[in-house]
Structure formats: structure tokens, C-alpha cells
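Here is what each chain is made of, one letter per residue.
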Amino acid sequence: MIGLRDLYYIRLGTRDLDGAERFTTDIVGMQPIERTEDRLYLRSGKQHHSLCYFNGDPGDHAIGLEMKDWNGLDEAMAALDAAGHACIRGTEEECRDRSVEDFCKFQDPTGNNIELLVRPHDANRRYFPSRDCGVISLGHIGVNSTDTKQDEDFWTSLFNVRVSDWIGPAPLLRMKSVHHQMALFPTTKPGVQHINHQVESFDDIMRSFYFLQERQIKIVFGPGRHATSEGYFLYFEGHDGMVFEYSNSDRKIIDDEENYRPRQFPMEPESFCVWGSKPDIPEFNA
Ligand SMILES: [Fe+2]
């Protein structure tokens, strides 16, 4: 069993680093940490960076997950190799690019690029948002899946990942006590489906709702309230079509970890929003 601590970063290819920087800083409220000729690193919490744009194909995404056991990389690579998921160890240059001490990369059954991180670097200065967005941390991601059952089996059999709830075929997965850090949505190609940031309060969500409306940013879902995590939410579309979400949900699964019963909600808009807001997101209408 490979122990994961948390979602650490996301890497996205783009042909337009300037556009990526404008959207993530002016609109999302992330803090630009470093910009090079072919990289843009952004912070939104405790990590050195939580998002890296690199000069490349906008469909090329990777997900960085911190390992619990920083001495367990060799063992994890052997377990993944044995399960038929070839692992490649990161080079020194690749480690520098990611601000980690060591890592390996592999693909999940859908073909999503996953990176297992050892001693990823923490921020040595606190996150200073580029606008008053209320963001306190990177929360979770939606991940594309061509077969959610197969991918769910992969994560729950090889890793300390557990199902918190399902909406139709889509499992919401946790690797710590927070309700979910990854949700798998049925679609036809690999990739990151949405990026969630947690904000301090419901007021932040409504402030952003009016802020985004004024700037004619396409809001694709919300404001609303999730049936699963009970969090308030707002989804909007950004650079290269990536969907960003703000939410504030502190639902945790701690005390009753052994007896917790995942709930099965139907694949209907009401399962995503108890207020009746309708998603303009194809993967939420499968
Ligand atoms: Fe979400």
C-alpha cells in the first residue's frame, strides 16, 4: 500500500504563458513565484508552488502527490511496476523544476500523468494573494477518467485512497480526512478536469461571483452548495479552458473512518447542487 499525504501541485502545458499569468494572478488570485522563459510557478498555500505552467501542449497535464513515507519511493516504484504501471525516476533537473528532493512518474489506467513526490519544498514565505480572493489553500482536483471503475480500483487497491461518496459513476476520493482531494469524472481523454481552491468563507465566494461577473469571466456552475462535501462553491472557466473552483467545505471523515459508509448519489444536477444551480460542465452531466 503506497501512502499518500496530499495533493501537492498541478502542472499544465500552455502555448501562452503571458495569458496564463494574467488569468491566474488577476482573476484567480494566485501569487506568481517565478517566471522563466518556459515556466510560470504560482503559489496558493503552504507549498513552494501549487501550479506550474510549462511551455507545451495545453492538453499535457500532470498531478503531483506527496508521499507519506519519504523513504518509500523505491518500494512504491516496485509496486507500481509489478502492477503494470511503468515508473520512471525523475532526473536532478526534473527535481529542480518541481522543487522536490526526489520523485517518480507513471500513468494511471486512463493515462493521467501522476508524480509521486518525496520532500516537496514548502513555501519559505507565506502565500500573498494577488487579489483579495480569500483563498487559503489548494483544495482538490477533478481528474478525467475513461473508466471510473477501473481508475477507482487502481487508486483504492494500490494507495491509501478511499471513496467518500459517488455521484453516478464518479467517485470522490480522499487520501486524508478532508472529504475529497481527487474526483474522477467520466470522459474520453486524460487530463485535469478542474482545480479547486478553498476560500475562507461563503462571503469570499459571493465576492468572487460579482468580481467575475463584472469582468465577464464565464461562470460555469454556481454559486451553489454541494450535496457531498456540503461546501459552498463557484466554478468558472479560465486560461486554455481550464475550470477553476472556489469552495469552502470543512467536512471531514475522522472519527468513524472504519465504519464510514460512502453514499451513492444519482448523476443528476441536484447531486452537485442542493440549491438547484445547473452545471454548464459536460463531465457533470454524464
Ligand atoms: Fe470540486
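About the thresholds
- Residues numbered from 1 in each chain as written.
- Predicted model: local features only at pLDDT ≥ 70, side-chain atom pairs only at ≥ 80, totals over all residues.
- Heavy atoms only, no water.
- Helix = DSSP H or I, 4+ residues; strand = E, 2+ residues; numbered from the N terminus.
- Contact = heavy atoms within 4.5 Å.
- Polar contact = N/O pair within 3.5 Å; in protein donor to acceptor, adjacent residues only side chain to side chain.
- Donors = N, O, S within 2.8 Å, 3.2 Å for Na, K, Ca; no water.
- Buried < 20%, exposed > 50% of the residue type's maximum accessible area, 1.4 Å probe, protein only.
- Pairing = 2+ DSSP bridges.
- Axes fitted to C-alpha atoms, helices over the stretch in contact; angles between N-to-C directions.
- Domains from an automatic or database assignment.
- Buried area = accessible area lost by both parts, 1.4 Å probe.
- Salt bridge = Lys/Arg side-chain N within 4 Å of Asp/Glu carboxyl O.

For the rest of this paragraph, the subject is the environment of histidine 179. Among the secondary structure elements, histidine 179 is positioned in the loop between β11 (170-174) and β12 (182-186). Once you skip the residues sitting within four places of it in the chain, histidine 179 turns out to touch Ser164, Asp165, Leu172, Leu173, Arg174, Thr228, Ser229, Arg251, Ile253, Tyr260 and Arg263. Within the structure, the side chain of histidine 179 is placed 2.6 Å from the side chain of aspartate 165, a separation counted as a polar contact. A polar contact is formed between the side chain of histidine 179 and the side chain of histidine 180, at a distance of 2.8 Å.

Below, the discussion takes up the coordination of the iron ion. Ideal geometry at a metal centre: 109.5 degrees between donors when four sit tetrahedrally, and 90 or 180 degrees when six sit octahedrally. The iron ion binds to the protein through His140 (NE2), His194 (NE2) and Glu245 (OE); the donor distances cover 2.1 to 2.3 Å. Mapped onto the sequence, the donors of the iron ion take the spacing H-x53-H-x50-E. Residue histidine 194 is located in strand β13 (residues 192-199), and its partner glutamate 245 is located in strand β16 (residues 243-248); the two are separated by 51 residues in the primary sequence. With relative accessibility at 1%, the residue glutamate 245 sits in the buried group.

As a further point, take the sheet that holds strand β7 (residues 102-107). Strand order in the open sheet formed by 8 strands is β2-β3-β4-β1-β5-β8-β7-β6, with mixed pairing between adjacent strands. Of all strands in the sheet, those bounded by a partner on one side alone are β2 (31-35) and β6 (88-89). Across the face of the sheet, helix α2 (residues 73-82) comes into contact with β5 (61-67), β6, β7 and β8 (113-118) while running at roughly 10° to β7.

Read across the open sheet, the 9 strands follow the order β14-β15-β16-β13-β9-β12-β11-β10-β17; overall the sheet is mixed. The open sheet has two edge strands with one neighbour each: β14 (219-225) and β17 (263-265). The sheet shows a mean angle of 20° between the axes of neighbouring strands, direction not considered. For β11 and β12, the ladder comprises 2 bridges, and the chain directions are antiparallel.

Turning to the pairing of strand β3 (residues 39-43), a few remarks are in order. Across a regular strand the side chains alternate sides, sitting on one face of the sheet and then on the other. Taking burial as the measure, the 5 residues of β3 include 5 buried ones, the bulk of the element. Taking every second residue as pointing to the same face, both faces of β3 are buried, with Arg39, Tyr41 and Arg43 on one and Leu40 and Leu42 on the other. The sheet contact formed by β2 and β3 spans 4 bridges and is antiparallel. Bridge pairing links glutamate 34 to tyrosine 41 in β3. Between β2 and β3, which follow one another and run antiparallel, lie 3 residues. Where β3 meets strand β4 (residues 51-55), 4 bridges bridge the pair, whose relative direction is antiparallel. Considered in β4, the bridge of tyrosine 41 is made with cysteine 52.

Residue glycine 222 is joined to proline 223 through a cis peptide bond whose omega torsion reads 5°. Along the chain, the position of proline 223 falls in strand β14. Phi angles above zero are rare outside glycine, and serine 99 is one such case at about 55°. Along the polypeptide, serine 99 turns up in the loop between α3 (92-98) and β7. With a phi angle near 70°, glutamate 230 is a residue other than glycine that sits in the positive phi range.

As a further point, take the domain arrangement of the protein chain. Considered domain by domain, the protein chain is made up of domain 1 (4-118) and domain 2 (135-285). Measuring from the centre of the C-alpha atoms in domain 1 to the corresponding centre in domain 2 gives 20 Å. Across the boundary between the two partners, domain 1 contributes 42 residues, which contact 40 residues of domain 2. Of the roughly 3000 Å² buried between domain 1 and domain 2, counting both surfaces, carbon and sulfur atoms make up 70%. Area buried by domain 1 at its contact with domain 2 is led by Leu4, Phe23 and Thr110, which between them contribute 19% of it. For the interface between domain 1 and domain 2, the tally reads 1 salt bridge. Our enumeration of links across domain 1 and domain 2 arrives at 14 residue pairs in polar contact (both at pLDDT 80 or more).

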